[in-house]
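Below, each chain spelled out in residue letters.
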Amino acid sequence: MLGTWPDSGIPALMFSLISSAFHFLQLKLRHIKHLSLASVTPNRLLWLAMTFLVFRALCAGVDITMGALPRLCNILPFRFWLSHRSRTLIVGVVLSTAFSMFLSLTSHLLLCLLLRWRGWSIKTSYWTPSLTLAWMSAVRVLCGPFRKARALQICLPSPPVPSLQSTLSQYESHVRAIGGADEMKRVQNLCRTFQKKPGRTLQLFLQLKSFVCENYVSEEIERTLLKSRKPLLAGSTYFLGDALPTQTANQAARAANLVHATLLFRKSVRQGDMQPVLLQGVIPTCCKQFSHLFDACRVPGTEQDHWNISESSPYIVVMCSGNFYKLWTTRGDLVLPPSDLQWQISWILSSCSQRSTLPPEACLAALTTGPRWYDKSLSIIVLPTGAAGLLAECSLVDPAVASHFWRDVLTKELCLGYTAAGDCQGDATLTVTPPHLFEWNIPFECHRRAAGSLSWARSLARNTELLMLPVHDLDFGRQDAGFTNTQLALQLASFRDRGKFCASADVTPSRLCSGGRSDLVWTISKETCDFVLAMENPDVPLKVRHALMQVAGVEIQTRRHQARVGLSPSSHLLVLAGAAKIMGARHPLLQEVSSQDWGLLTIQLETMGGFGPLCADGYTVCYTPSASLQMFCITCSRTSPHTDSWRFGGHLFMALHDIAALHSPEQRKITPSLSTRT
């Protein structure tokens, strides 16, 4: 600890700056060993190729070392006791190793410089397609020796600090699209007063902070999430479901394969062997959050919670029929095969079936529903039918990261496979220790509160309305137009549902920067409003609608690229609001930004999943990007008189086909077939 925090003012900002630098230094010292080895140690293939080249040239009578080899042979220690061939061999290997390390380090530094260029995603005066193609080719070549995620992590740049004037002007445009010209004039006055005095000081603080921390935006996002006093179940947890039909109805076998695939993923993350997540197959992204998926616990605090991340545990906790079991997952350094895991889980199911009543700890897991304690980083749920899903909390792991992990687990499950009887492949060794049943001594008051929390959780679940909407075979023309057209369809559906425009945003990962989290992209703009109004006006020609759609799509894509590289205005305002709280400065503009209610919040996932409604009168829509089948998960509050998931789902279905008809007029509207109301 560096000491107690000053109350407010400039000293508080300076203390925050020093504290960020201190934690950043701790982070670098903790990871410097394996990161430096990953960036400096030569690649094996490169070292072998260099060694072969040196000795092949020597055999041909050519010295490619430019005289360095004979000079080093003459000054080699103990050279009088070694033959000429032995000295040549030793010096040749040393020079090959040195050359390989030099090339690896040079490639690493060049890759760091290339990844700091953002012209590929944001059009500038010097942007040309040929320059972007050359840049991507160079990145692809230089990523060769650094294909592992841990090695690429150190090459990623820190996010830049956007211009204060640019952020405020974009916020004014955002407000104008929602509230009109009168509201924009009021916000313009707030922006002018903010920019005169507190804005300059806070902007200077952010510029200084960006030099002494890994990611000044993610640090504030995590602090905001951990300081939230709201129950986590209400708006901080999300679920992911099966992306493919279930291969087996055997609950124990399905759970065993999923656990085994999860443990393999954790092992690759811990050992640094995880393959990097590449954008467009070339550009590396930050994979730091994957290490937070496992062995983590959110511990509540008086004013701010904190995460406790431990080392890899040799067991997991399994809950079945209200009973808690310790299930062993490793034997030494090896992960147990699925057959042994299935034997243990079958033992648990058999043990629980012999119990006629629920134990006292049956509702203990619901005790953390109303408090802020989240006792795990993720939970895998397997139903008796074999269907499975994942539940996670977003303060440490973003939905996009958990979605990628879940897709990898489901892919590994396909490779593991099942027998014709539905069991895991292989035979159990029967040498594994049976699972251990936890015994509890629960006081009456604790049991009473757990039962109350369970009742509250059930009422919250009943108040959440969820609709799964599948949409098949939509042709949006270009392959990269799916995101923009989906966002335009969501805006059109929201306008038809409410009869007016509302504040809307899309949760977009900004992991092109080191330590990047998810940022909010304002999807409502003047361009999108013009397109929506044109779609609702039958007198507007088809060509005009198509032109407005292109303009609105470019605007949405530009904002998304800004968020990806760390230039999101919403995150900039969020960090300014956090710095203002530390400074003790209050301004109406920052208060409005901090208390923004989103009428429409969208999240793109790699697998089917959903998020609870974050606003009492708003919608949360999670969707999967796919040309053949798009799956939308729409959630809202049942008690709100302004929202209805079925009504919004019908508007969204028709809006998607209306936009697809602009690309291909032969795609006619069809009656939406919605799934069962839940």
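Look up: the structure comes first, before these words.
Residues numbered from 1 in each chain as written. Predicted model: local features only at pLDDT ≥ 70, side-chain atom pairs only at ≥ 80, totals over all residues. Heavy atoms only, no water.

**Description of the side chain of Asp340**
Turning to its location among the elements, Asp340 is positioned in helix H13 (residues 338–353). Not counting the four nearest positions on each side in its chain, Asp340 is found in contact with Arg331, Ala428, Thr429, Leu430 and Val432. (Helix = DSSP H or I, 4+ residues; strand = E, 2+ residues; numbered from the N terminus. Contact = heavy atoms within 4.5 Å.)

**What about the sheet that holds strand S13 (residues 464–472)?**
The strand order across the open sheet formed by six strands is S13-S19-S18-S16-S14-S15, and the pairing between neighbours is mixed. Looking at which strands have only one partner, the edges of the open sheet turn out to be S13 and strand S15 (518–522). Strand after strand, the sheet turns through a mean of 20 degrees between neighbouring axes, direction not considered. Inspection of the sheet shows strand S14 (residues 504–509) paired to strand S16 (residues 600–604) by four bridges, in the parallel sense. By the bridge assignment, Ala505 is partnered in S16 with Leu601. (Pairing = 2+ DSSP bridges. Axes fitted to C-alpha atoms, helices over the stretch in contact; angles between N-to-C directions.)

**Some remarks on the pairing of strand S11 (residues 388–393)**
Taking burial as the measure, the six residues of S11 include five buried ones, the bulk of the element. Across five bridges, strand S1 (residues 237–241) lies against S11 in antiparallel orientation. Counterpart to Gly241 in the pairing with S11 is Gly389. Direction of pairing for strand S10 (residues 378–382) relative to S11: antiparallel, over a ladder of five bridges. (Buried < 20%, exposed > 50% of the residue type's maximum accessible area, 1.4 Å probe, protein only.)

**Some details on the packing of helix H16 (residues 482–498) against helix H18 (residues 542–564)**
As a packed pair, H16 and H18 sit with axes 9 Å apart at the nearest point and diverge in direction by 110 degrees. Classified by the angle between their axes, H16 and H18 sit roughly perpendicular to one another. Of the residues in H18, those in contact with Phe483, Thr484, Asn485, Gln487 and Leu488 of H16 are Met549, Ala552, Gly553, Ile556, Gln557 and Arg560. Class assignment of the residues belonging to the contact of H16 with H18 gives a composition of five nonpolar, five polar and one charged. (Parallel < 35°, antiparallel > 145°, perpendicular 65-115°, else oblique. Nonpolar A, V, L, I, M, F, W, Y, C, P; charged D, E, K, R; others polar.)

**Thoughts on the pattern of salt bridges**
In the structure shown here, the tally under the stated rule is 25 salt bridges. A salt bridge links Asp242 to Arg254; its shortest N-O distance comes to 2.8 Å. Taken as a pair, Asp242 in the loop between S1 and helix H12 (251–271) and Arg254 in helix H12 lie far apart in primary sequence, 12 residues in all. With respect to burial, Asp242 and Arg254 carry one shared label: buried. Residues joined in a network through salt bridges with shared partners are Lys209, Glu219, Glu220 and Arg223. (Salt bridge = Lys/Arg side-chain N within 4 Å of Asp/Glu carboxyl O.)

**Digging into the packing of aromatic side chains**
Working definition: an aromatic ring pair is given by the centre-to-centre distance plus the angle between the planes. If you walk through the whole model with that rule in mind, you get 14 aromatic pairs. Pairing Tyr315 with Trp328 gives two aromatic rings, centres 5.8 Å apart and planes at 70 degrees, and the pair type is edge-to-face. Pair noted here: Tyr315 is in strand S6 (residues 315–320) and Trp328 is in strand S7 (residues 323–328), with a separation of 13 residues, a long-range link. Look at Phe324 and Trp440: their rings are 5.5 Å apart centre to centre, the planes differ by 65 degrees, and that puts the pair in the edge-to-face class. Remark: Trp440 occurs in the loop between strand S12 (436–437) and helix H15 (444–463) and Phe324 occurs in strand S7; sequence separation between them is 116 residues. On the basis of relative accessibility, which here comes to 12%, the residue Phe324 falls in the buried class. Of the residues examined, Trp440 reaches a relative accessible area of 41% and is grouped as partly exposed. Among the aromatic residues, ring-to-ring pairing joins Phe265, Phe290, Phe294 and Phe405 into one connected group. The residue whose ring lies beneath Lys326 is Tyr315, and the NZ or CZ to ring-centre distance is 4.6 Å. Above the plane of the ring of Phe483 lies Arg560, whose end atom (NZ or CZ) is 3.8 Å from the centre. (Phe/Tyr/Trp six-rings, centres within 6.5 Å; stacked < 30°, edge-to-face > 60°. Lys NZ or Arg CZ within 6 Å of the ring centre and 35° of its normal.)

**Observations regarding helix H17 (residues 526–536)**
For H17, the full list of buried residues reads Thr528, Cys529, Phe531, Val532, Ala534 and Met535. Those residues of H17 that are buried are in contact with helix H7 (164–179), H16, H18 and helix H21 (645–663).

**Considerations on the packing of helix H10 (residues 216–227) against helix H19 (residues 569–583)**
The description of two helices packed together rests on the angle between their axes and the distance between the axes. Contact geometry for H10 and H19: axes closest at 9 Å, N-to-C directions at 65 degrees. For the crossing formed where H10 meets H19, the hand is left-handed. Judged by residue contacts, Tyr216, Val217, Glu220, Ile221 and Thr224 of H10 engage Ser571, Leu574, Val575 and Gly578 from H19. A per-class count over the contact of H10 with H19 returns five nonpolar, three polar and one charged. (Left-handed = near helix turned anticlockwise from the far one by under 90°.)

**With respect to the sheet that holds S12**
Strand order across the open sheet formed by three strands is S6-S7-S12, with antiparallel pairing between neighbours. Every other strand in the sheet has two partners, leaving S6 and S12 as the edge strands with one partner each. Bridge count for S7 against S12 is two bridges, and the pairing is antiparallel. When the sheet's bridge partners are listed, Tyr325 is paired in S12 with Leu437. Across the sheet, H13 is in contact with S6 and S7; its angle to S7 comes to roughly 160 degrees.

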